[in-house]
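Spelled out, the chains give:
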Amino acid sequence: MMGGQDMKRVLAGDALVSVVAPMFNEVANAAPFTEEVLQALDALQLACPYELVLVDDGSWDGTTEALDALAVQHAGKLRVVHLTRNFGLAAAVSAGLDHARGSVVILMDADHQDDPAAFKPFLEQWGNGFDVVYAQRTVREENPLKRAVFWLFYRAFAWVANISIPLDAGNFALLDRRVVKQLQAMPERNRYLPGLRAWVGFKQTGVPVARRGRYDKKARMRFRDLWTLGMNAVFSFSYVPLFVFRIAGLLSLMLSAGVILFALYHRLFTGKAVIAWASQLVMTSFLGGINLLGIGMIGEYIARIYDEVKARPVYIVDRVVETSRE
Ligand code: UDP
Ligand code: MG
């Protein structure tokens, strides 16, 4: 199935296109989002059916009821997966992928930021033989600080990561069924999807997509969530934090060897006393700081090992709502 322009593949009538989106307290956008996506899918005039899988990630603002009503209204097209509590974006995405049946699966946010206009180029590139087609964000209608932080994060992460990860690509992507299968087979609890997606390999490509503004201005990912996501990205795909402390350890060893030789020389040959108080204070506090930081870094890896060993499920499903067409 792989190949360039010459190896076209098409969605046959027995294929299925799934669109998956996680929702946490998005009641005001539940209906507009659903309608926008279903309209975009209709407009594509696919040769095969499609489905929309919405994951309710423990919402408490009425999203739950709104989605149940939508499942009735759009019978036969919608599957709603309610989780037992808010498990976080990464877990909700896993739940969505597990409940999608499509031969191709398009993953997107449900907050108006990801533009369904990308479906067409996504499917075209899949037709050209690509198993992963991700949206590469050209512009972001977001506050400049957040934009700058993301810009920096993607670049710093690409630099330390032990796999090559495309820049400016988030969750918004099309995944072929065989990629979904590989992602499902990965047992890890701390899941950074753009990293895992790059890690699986296959033929991947990006298409430029402008990132729209949020329908409301309140991101559901709090600073703490973004921090966790960033930490998961770094600690799941990089050993650079450990390497940095090995280098720091090596340098401070060399430094202290120099200091010892210097002190010995003066003690034995010049008889000049070395003034030690300030330098000792500086050295001890510096090394103490480095030590604690290094232990903290190791702790990050150990906490992640602990998460894996506990082997708790990534998410828990409360109920799945699906209404057939009749
Ligand atoms: N989301 C979720 N669970 C959470 C936080 C967010 O399912 O705990 C969903 C949210 O409803 C949205 C998507 O994940 O559809 C992206 O969230 P958000 O817009 O807050 O992230 P950002 O665009 O700021 O990265
Ligand atoms: Mg968003």
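Below: a short report on this structure. Here the structure is a predicted model, which means the values were calculated and not measured.

1. Topic: the overall build of the protein
Then comes step 1: The number of helices and strands found in the protein is 10 helices and 8 strands.
Then comes step 2: The C-alpha atoms of the protein give a radius of gyration of 25 Å, which is well past the 20 Å a tight globule of 326 residues would have.
Then comes step 3: When the backbone C-alpha atoms are referred to their principal axes, the protein occupies close to 100 × 50 × 40 Å.
Then comes step 4: A total of 326 residues make up the protein; the buried ones form 45% of that total.
Then comes step 5: Sequence separation of at least 24 residues holds for 83% of the intrachain contacts in the protein that already meet a minimum separation of 6.
Then comes step 6: Total accessible area on the protein stands at roughly 17400 Å², and carbon and sulfur atoms take up 65% of it.

2. Examining the coordination of the magnesium ion (ligand 2)
Then comes step 1: Looking at the magnesium ion (ligand 2), the protein donor atoms are Asp111 (OD) and Gln113 (OE1), and they sit 1.9 to 2.0 Å from it.
Then comes step 2: The exposure class of Gln113 is buried, given its relative accessible area of 4%.

3. A word on empty space enclosed by the protein
Then comes step 1: Considering all chains together, one arrives at 1 cavity of 30 Å³ or more under this definition.
Then comes step 2: Counted as a void, the largest cavity has a volume near 40 Å³.
Then comes step 3: Contributing to the lining of the largest cavity are Gln113, Asp114, Asp115, Ala135, Arg137, Phe172, Val209, Ala210 and Arg211.
Then comes step 4: Counting residues per element, the ones that place at least two in the lining of the largest cavity are strand E5 (132–140) and strand E7 (204–211).

4. Side note on the environment of Ala185
Then comes step 1: Counting through the fold element by element, Ala185 comes out in helix H6 (residues 177–185).
Then comes step 2: On the accessibility criterion, Ala185 (58% relative accessible area) is exposed.
Then comes step 3: For the pair Ala185 and Val320, spaced 135 residues apart in sequence, the C-alpha to C-alpha distance is 22 Å.

5. Here's the deal with the pattern of salt bridges
Oppositely charged side chains are able to pair whenever their charged atoms sit close together.
Then comes step 1: For the structure shown, the criterion picks out 22 salt bridges.
Then comes step 2: When the shortest N-O distance is used, the salt bridge between Glu26 and Arg220 registers 3.3 Å. Of the two residues, Glu26 is situated in the loop between strand E1 (17–23) and helix H1 (27–43) and Arg220 in the loop between E7 and helix H8 (223–237); the sequence distance between them amounts to 194 residues. As far as the burial class goes, Glu26 and Arg220 line up, both buried.
Then comes step 3: A salt bridge links Glu124 to Lys120, with the nearest nitrogen and oxygen atoms 3.3 Å apart. A residue pair is termed a helical-turn pair when its members lie 3 or 4 positions apart in one helix, as Glu124 and Lys120 do in helix H4 (residues 119–127) at 4 residues.

6. Description of the site of ligand 1
Then comes step 1: With respect to spatial proximity, 19 residues lie near ligand 1, and among them Glu26, Asp57, Asp111, Arg220 and Met221 are the closest.
Then comes step 2: Asp111 has a polar side-chain atom sitting 2.5 Å from an oxygen atom of ligand 1.
Then comes step 3: Arg220 is positioned with one of its backbone polar atoms (N or O) 2.5 Å from an oxygen atom of ligand 1.
Then comes step 4: The protein chains hide 96% of the 530 Å² of surface that ligand 1 would expose on its own.
Then comes step 5: Elements with a minimum of two residues in the shell around ligand 1: E1 and helix H3 (89–99).
Then comes step 6: Classifying every residue of the shell around ligand 1 gives 8 nonpolar, 3 polar and 8 charged.

7. Re the nonpolar core
Soluble globular proteins tend to pack their nonpolar side chains together in the buried interior.
Then comes step 1: Core analysis: the biggest nonpolar cluster contains 42 residues, and Leu83, Leu97, Phe157, Leu175, Leu183 and Phe237 have the highest contact counts within it.
Then comes step 2: The contacts of Leu83, once residues within four sequence positions are left out, are Val55, Asp56, Asp57, Gly58, Ala92, Ala95, Tyr315, Ile316, Val317 and Asp318.
Then comes step 3: If you look at the next biggest cluster of nonpolar residues, it comprises 38 residues, including Val19, Phe119, Ala135 and Val207.

8. Remarks on the layout of surface pockets
Then comes step 1: Put simply, the second largest pocket is a space of about 240 Å³.
Then comes step 2: Forming the boundary of the second largest pocket are 14 residues, of which Arg9, Leu11, Leu123, Glu124 and Gly127 lie nearest the centre.
Then comes step 3: Taken together, the residues of the lining of the second largest pocket sort by class into 7 nonpolar, 3 polar and 4 charged.

9. A few points about H4
Then comes step 1: Of the residues making up H4, those classed as buried are Phe119, Phe122, Leu123, Gln125, Trp126 and Gly127.
Then comes step 2: Gly129, located one to two residues past H4, shows a positive phi value of around 105 degrees.

10. Here's the deal with the packing of aromatic side chains
Then comes step 1: In the structure shown here, the tally under the stated rule is 10 aromatic pairs.
Then comes step 2: Between Phe150 and Tyr154, the aromatic rings sit 6.1 Å apart at their centres with planes inclined by 45 degrees, giving tilted as the arrangement. Residue Phe150 and its partner Tyr154 are both found in helix H5 (residues 144–160); the two are separated by 4 residues, about one turn of the helix.
Then comes step 3: A relative accessible area of 18% places Phe150 in the buried class.
Then comes step 4: In this structure an aromatic cluster arises from ring pairing among Phe150, Phe153, Tyr154, Phe157, Tyr192 and Phe237.

Cut-offs applied
- Residues numbered from 1 in each chain as written.
- Chains lettered and ligands numbered in written order.
- Predicted model: local features only at pLDDT ≥ 70, side-chain atom pairs only at ≥ 80, totals over all residues.
- Heavy atoms only, no water.
- Helix = DSSP H or I, 4+ residues; strand = E, 2+ residues; numbered from the N terminus.
- Rg over C-alpha atoms; globule rule 2.2 N^0.38 Å.
- Buried < 20%, exposed > 50% of the residue type's maximum accessible area, 1.4 Å probe, protein only.
- Contact = heavy atoms within 4.5 Å.
- Areas by Shrake-Rupley, 256 points an atom, 1.4 Å probe, with all protein chains shown as cover.
- Donors = N, O, S within 2.8 Å, 3.2 Å for Na, K, Ca; no water.
- 1 Å grid on protein atoms, 1.4 Å probe; cavity = no way out; pocket = protein on both sides within 12 Å on 5 of 7 lines; lining within 4 Å.
- Points joined across faces, edges and corners; volume = space filled by probe spheres on them.
- Salt bridge = Lys/Arg side-chain N within 4 Å of Asp/Glu carboxyl O.
- Near = heavy atom within 4 Å.
- Polar contact = N/O pair within 3.5 Å; in protein donor to acceptor, adjacent residues only side chain to side chain.
- Nonpolar A, V, L, I, M, F, W, Y, C, P; charged D, E, K, R; others polar.
- Core = buried A, V, L, I, M, F, W, Y, C linked by side-chain atoms within 4.5 Å.
- Phe/Tyr/Trp six-rings, centres within 6.5 Å; stacked < 30°, edge-to-face > 60°.

So far we have only geometry, and geometry alone does not tell us how the molecule works.
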